[in-house]
Amino acid sequence: MANPIIQLEDVNKEFGRGKKTVAALRHINLDIEQGEFVAVVGPSGCGKSTLLHVMAGLEQPTSGRVLLDAVDVTLIGERDLPKLRGQKIGFVFQAFLLIEDLTAYENVEAVLWPSEELTKEKQEQMTLEVLREVDMLERRDHFPRQMSGGEQQRVAIARALVNRPPILFCDEPTGNLDSKIGETIMKYISDLARSKGMTVVLVTHNESLTKFAQRVLSMKDGAIR
Ligand SMILES: Nc1ncnc2c1ncn2[C@@H]1O[C@H](COP(=O)(O)OP(=O)(O)O)[C@@H](O)[C@H]1O
Ligand SMILES: [Mg+2]
């Protein structure tokens, strides 16, 4: 069988030092298979965001190994990390984090990872295609302030997916949305993931979102139980 697409081996993460040390992650061991949809639930402050950041190479663990597709992200230098992230990872945040003075279209196109084959026409095609998948094609010339929260998050999902990464990390993606819109957003994420065979790791304190996941892990005080 192929390697798990995400592997964490005895991962620890501490913030601060001395008496003020916070152990945000404690001895995390975790294998996630290609195509799996995993939800991690737990109360605020239990380490969910830190877990995603460490998996995505946005933050270095204090000890332990993090492998994406059998590549140890803790050994990749700052110079090569953006490339790995660009190719392998999409990230959806609670706060959308769209750029205010770019349109929906421009927000998505801006993150396309450059390559030799990526002509202007190809960029346009990829951007329009992913905007269509989240039903935002008609709003492509709107700025974030001209969109509702749910629409902004759909654009943020399109941005996360435009490079067709095999892995999608979602950090409380519906936390700023009312529950009905939140459900719609989760459905977009889970339908797209299924149709593309994408691996999804969703962290949330909202237990009702776990119905979209194949596996639910419960986190407390930096540990997975
Ligand atoms: N950059 C940081 N510096 C210091 N402490 C941090 C930092 N980031 C997170 N923490 C602490 O680590 C713990 C886990 O935080 P976090 O991963 O954000 O939890 P969650 O996402 O589950 O709410 C909390 O106690 C938090 O205060
Ligand atoms: Mg968090």
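The rules behind the values
Residues numbered from 1 in each chain as written. Chains lettered and ligands numbered in written order. Predicted model: local features only at pLDDT ≥ 70, side-chain atom pairs only at ≥ 80, totals over all residues. Heavy atoms only, no water. Near = heavy atom within 4 Å. Polar contact = N/O pair within 3.5 Å; in protein donor to acceptor, adjacent residues only side chain to side chain. Areas by Shrake-Rupley, 256 points an atom, 1.4 Å probe, with all protein chains shown as cover. Helix = DSSP H or I, 4+ residues; strand = E, 2+ residues; numbered from the N terminus. Nonpolar A, V, L, I, M, F, W, Y, C, P; charged D, E, K, R; others polar. pLDDT = per-residue confidence, 0-100. 1 Å grid on protein atoms, 1.4 Å probe; cavity = no way out; pocket = protein on both sides within 12 Å on 5 of 7 lines; lining within 4 Å. Points joined across faces, edges and corners; volume = space filled by probe spheres on them.

To continue, consider the site of ligand 1. Close to ligand 1 lie Phe15, Val22, Ala24, Pro43, Ser44, Gly45, Cys46, Gly47, Lys48, Ser49 and Thr50. Contact distances for ligand 1 include 2.7 Å between an oxygen atom and a backbone N or O atom of Gly45. Between ligand 1 and the protein, one listed contact pairs an oxygen atom with a side-chain N or O atom of Lys48 at 2.8 Å. For ligand 1, the accessible surface in isolation is 560 Å², of which the surrounding protein chains cover 58%. The set of elements that each furnish at least two residues to the shell around ligand 1 consists of strand E2 (22-32) and helix H1 (48-55). No other element matches the three residues that H1 contributes to the shell around ligand 1. Counted by class, the shell around ligand 1 contains five nonpolar, five polar and one charged residues.

Turning our eyes to something else, we now look at the confidence of the model for the protein chain. Summary statistics for the protein chain give a mean pLDDT of 94 and a share of 100% for residues scoring 70 or more. In the model of the protein chain, helix H2 (residues 81-88) stands out as the element of lowest mean pLDDT, 87, in contrast to helix H3 (residues 104-109), which has the highest, 98.

Under the criterion given, the structure shown has one cavity of 30 Å³ or more. Roughly 30 Å³ of volume is contained in the largest cavity. Val54, Gly57, Glu59, Gln60, Pro61, Val73, Thr74 and Leu81 are the residues that line the largest cavity. Of the residues assigned to the lining of the largest cavity, the class counts are four nonpolar, three polar and one charged.

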